Each structure stands twice: as structure tokens, then as C-alpha cells.
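Structure assessment
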Amino acid sequence: MPEMPRAAVVLVTSALASLPALGRAAALRDNLFAVTANGPEVAWAVGNFGSIHVTKDGGQTWQTRPSNTKQPLFSIDFGDERRGWIVGKSGLILRTTDGGETWQAQQNPIVPAKHFFTVEAIDGDTAWAVGDWGAIVQTQDGGATWKDRSLGALAVERTESPDRMMQTMTDDVILYDVHFIDSQHGFIVGEFGTLLATNDGGEHWRQLTLPTDKTMFAVHFRSPEDGWVVGIDGIILHTTDGGATWTTQNGLIETGAIDDVSFVQAMANPGLYAVSVEGRRGIVVGDSGAFFVSDDGGQTWTRHSLPEAHRLTWVRDAVVTPAGRAFLVGAAGFTAATDGATVTLPDESRQAHVP
């Protein structure tokens, strides 16, 4: 099972010291797997060993919050300013109703438990989570109960089928990301080019066809028609017709033997784990310190690299706020907040232009 994957001013916080007590400024050390914004200056990050961190000053400083678990935490999202969820290894589900100050475990309906890689909060009461071996769960009552909607029991309409027959998908596909535009329109991506879509709040799903069967790690739509998926081999795909057709914006969509991929190709097309577009600002992040930035609403992307000290750091997640600021997290406590083309490294008290 793979470890959870899913042009601006960049403020980088490095991992230099052990985690401090609750509420004190934190020098982050643990690998961070997910980030979400919950206000103009507020972001939350989660990661290994049950780590939960919050910044309330746009990423300049971070504080820890207790999770009461040592399990890896793979995703976090808020439905409103006070109510949200975290999911992680072995089907862990945590819930907050006080803006993240405290978290309580909730019951996972899947037995035996499967890892959850992403949680998407639609509002304070409604959320979806997806994960290992076709795991899909949904709550509509704040997590008091979760419904098992996993593949294998879920009827999915295959759009490429001429008679559009309902077929039942196998349950051995790993699902990496789920994204809802609103309460009705949602998307799920995973292994083997899997892309599912719903327009009725998840009551029914249809399987869309991508131009590749490679693994997709993240999906982001900003309308039912306009969206992106990103994944292995540097792939960025864009659709403007709800997934009927796709444009390859970056990466290698052709399937070939591992021996056919050179080291240079691998470095030029690192795995990409997250995509977020808000207004005209977009960001895609991945392996080898690579991140792509768009200033035209995701129509085109420009690749940048982290400063030399972080050049090989993997970046696992990113989110763009309505104000255009982006937060990034990754290996060994790496965090960043972006609004321009300069990199600030607090540990070195200097700035560096993004190459």
C-alpha cells in the first residue's frame, strides 16, 4: 500500500526542533500529508504520528494541537469555521466542533478497517472520505453515523458503454482523492485512471474516461464542467466539458515499461499529489521539490523548484484560498505559504527568488 500522497511569495518553515507543548510555536519535524485553509490567515496541517498543527498568521508560525493518537493522519477538512474532520490510517476518523482545539474519534462503518486517504467536508454535517481498496464512506449527521458506500457494492454507470448499462465496480481499486464543488457535484480519483462523478449528491456515480490508465492522486473541479486531475509521471489533465474530453497540460500519459523511463524523464515528470485552483491562481505540487503555478485560472502552468536546501523535498498537499494565498506541506515538516515569486526561509533569515 503506497504511503499517502492526495508564483507567489513563499514562506518556508523548516524542521529544526522537536514538537513543543500545546499552543506554543512549533518547529515542525514530522512528515505532513495534508493542509486545508480555514480563513484568510488560518491553515491546518496533519501528518505522521498523529500530528496536528495550525497557523493563524499566514504560515509564519505554527502551533500543535492534541490528536490523542499516534496513527498517521492523511487528510483534514472543515465544513465551516468550527466543524471539521481528520482521517487516517486504519480507517481513523476524528471530528472537531470547536474549531480544531479538540478532536474526538468517530465510528468507522467498514470492518475490517481500511485506510482513508482524503476527507471532503461539504458543510458542518456532511462529509465524504475515500481510501484503500475502494473504501468510500459518507456522513450527513456530523459523523454520528457513517454509511459504507464502498466500491464493490456501489453501482457505477460507465459512460463509455454504448447502452450505458449499470455495472458494479470491483473493490480492489485504491481511491486517493474526493472533491465536491457543492452538495450535488462531486468527483473521485484513484488507481488505473479511475475517475468517478456524481451530480446527485452521491446517490449515483458514473465512471468517466481519462486518456490514460495511470494512477491519479488528486482531482479539483471549480464547476461541473471545468476541472483538473493530476498524478503519476507529472500528469496534469484539464477538461472544460465535464470530463467528456481532456487536454494534457503536462506529463507522460503513455503507458510504458519502467525500463523505458530514463532518470531525466523521471525528474522532469515527478509524481504530482495535489491540485487547487481558485480564481486566477492555481497550484500543483509533487515530488522532487517541484510545484506548478498558474496565474490564468489553470489554463497554463509554469514549473518552479524549491530553493536548493529543499530541492528534493516531496510536497504532498496544497490549497489556494479565495484571496489567492496558497499553503503547501510536505516532507520533514516542510510548510510554505505563497503569494508572489520570492522564497523566505526563516531559519536562514533570507529570501530567495523562485527559479
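Residues numbered from 1 in each chain as written. Predicted model: local features only at pLDDT ≥ 70, side-chain atom pairs only at ≥ 80, totals over all residues. Heavy atoms only, no water.

1. Here's the deal with the overall build of the protein
Formally: We count a stretch as a helix when DSSP gives it H or I for four or more residues in a row; a strand needs E for two or more, and each element gets its number in order from the N terminus. In this scheme, a residue with accessible area under 20% of its type's maximum is buried, one over 50% is exposed, and one in between is partly exposed, where area comes from a 1.4 Å probe on protein chains only. Only the protein chains shown count as cover for residues, and all accessible areas are computed by the Shrake-Rupley method using a 1.4 Å probe.
Along the protein, the regular secondary structure elements total 1 helix and 32 strands. For the protein, with 355 residues in total, the buried portion stands at 58%. Looking at the protein as shown, the accessible area adds up to about 14,200 Å², and 51% of this sits on carbon and sulfur atoms.

2. Some words on the nonpolar core
Definition in use: In these notes, a set of buried Ala, Val, Leu, Ile, Met, Phe, Trp, Tyr and Cys residues joined through side-chain atoms within 4.5 Å is what counts as a nonpolar core. Whether two residues are in contact is decided by their heavy atoms, any of which lying within 4.5 Å being enough.
Formed by 14 residues in total, the largest nonpolar core has its most connected members in Phe187, Leu195, Leu210, Val219, Val229, Leu237 and Trp246. Sorting the residues of this core by element identifies β17 (186–190), β18 (195–198) and β20 (216–221) as the ones contributing at least two each. In terms of residue count, the dominant contributor to this core is β20 (3 residues). Residues in contact with Leu210, not counting those within four places in the same chain, are Gly193, Leu195, Met216, Val229, Leu237 and Trp246.

3. Observations regarding the pattern of salt bridges
Once their charged atoms are close, side chains differing in charge can pair, the charge on each being opposite to the other. Here is the rule we go by: Salt-bridge detection follows one rule: a side-chain nitrogen of Lys or Arg within 4 Å of a carboxyl oxygen of Asp or Glu.
On inspection of all chains with the given rule, the structure shows 8 salt bridges. Residue Asp80 is joined to Arg83 by a salt bridge in which the shortest nitrogen-to-oxygen separation is 2.7 Å. Given the relative accessible area of 27%, Arg83 is considered partly exposed. Asp226 is paired through a salt bridge with Arg222; the nearest N and O atoms lie 2.8 Å apart. Look at Arg222 and you get partly exposed, because its relative accessible area is 34%. One network of salt bridges, in which partners are shared, links Lys56, Arg65 and Glu101.

4. Describing the packing of aromatic side chains
The cut-off we apply is this: Within 6.5 Å between ring centres, the rings of Phe, Tyr and Trp (the latter by its six-membered ring) count as paired, and their orientation is classed by plane angle as stacked under 30 degrees, edge-to-face over 60, tilted in between. Criterion for a charge above a ring: Lys NZ or Arg CZ within 6 Å of the ring centre, and within 35 degrees of the ring normal.
Under the definition given, this model contains 15 aromatic pairs. Ring plane angle 75° and centroid distance 5.0 Å describe the contact between Tyr176 and Phe217, whose orientation is recorded as edge-to-face. Remark: Phe217 occurs in strand β20 and Tyr176 occurs in strand β16 (residues 175–180); sequence separation between them is 41 residues. When its relative accessible area of 2% is taken as the criterion, Tyr176 is described as buried. Relative accessible area serves as the criterion here: at 11%, Phe217 is assigned to the buried category. An aromatic cluster is present here, built from Phe33, Phe74, Phe117, Tyr176, Phe217, Tyr273 and Trp314 joined pairwise through their rings. Looking at Arg95, its charged tip hangs above the ring of Trp85, at a distance of 4.3 Å from the centre. When the ring centre of Trp314 is taken as reference, the NZ or CZ atom of Arg316 above it lies at 4.2 Å.

5. Topic: the environment of Lys147
Secondary-structure assignment places Lys147 in strand β13 (residues 147–148). Considered as a pair, Lys147 and Ile110 are 37 residues apart in the sequence and their alpha carbons are 8.7 Å apart. Once residues within four sequence positions are removed from consideration, Lys147 is found in contact with Pro109, Ile136, Val137, Gln138 and Gln140.

6. Some remarks on the side chain of Arg95
Going by this rule: A positive count includes Lys and Arg, and a negative count includes Asp and Glu. His and the chain ends are not counted in either. Any N or O atom pair separated by 3.5 Å or less is treated as a polar contact, with the protein-specific requirement of one donor-capable and one acceptor-capable atom, and with residues adjacent in sequence counted only for side-chain atom pairs.
Residue placement: Arg95 occurs in strand β8 (residues 93–96). One buried charge, Arg95, has no salt-bridge partner; the nearest side chain with opposite charge is Asp125, at 4.5 Å. Engagement of the side chain of Arg95 in a polar contact is seen with the backbone oxygen of Gly124, the distance being 3.0 Å. If sequence neighbours within four positions are ignored, Arg95 has contacts with Arg83, Gly84, Trp85, Thr102, Trp103, Gln104, Gln106, Gly124, Asp125 and Gly142.

7. Brief notes about the sheet that holds strand β4 (residues 52–55)
This is how the line gets drawn: Strands pair, by our definition, only if DSSP identifies at least two bridges between them. Note on geometry: axes are C-alpha line fits, over the in-contact stretch for helices, and angles between N-to-C directions span 0 to 180 degrees.
Strand order in this open sheet of 4 strands is β2-β3-β4-β5, and the pairing throughout is antiparallel. Two strands lie at the open edges of the sheet, namely β2 (32–37) and β5 (63–65), each paired on one side alone. Across this sheet, the average inter-strand angle for adjacent strands is 25°, counted without regard to direction. Of the pairings in the sheet, the one linking strand β3 (residues 43–47) to β4 comprises 4 bridges and is antiparallel in character. Bridge assignment links Ala45 to a residue of β4, and that residue is His53.

8. Some details on the sheet that holds strand β6 (residues 73–78)
Overall, antiparallel pairing links the 4 strands, which are arranged β6-β7-β8-β9 in an open sheet. Single-partner strands in this sheet number two, and they are β6 and β9 (104–105). Bridging between β8 and β9 involves 2 bridges; their strand directions are antiparallel. Bridging from a neighbouring strand, Leu94 pairs with Ala105 of β9.

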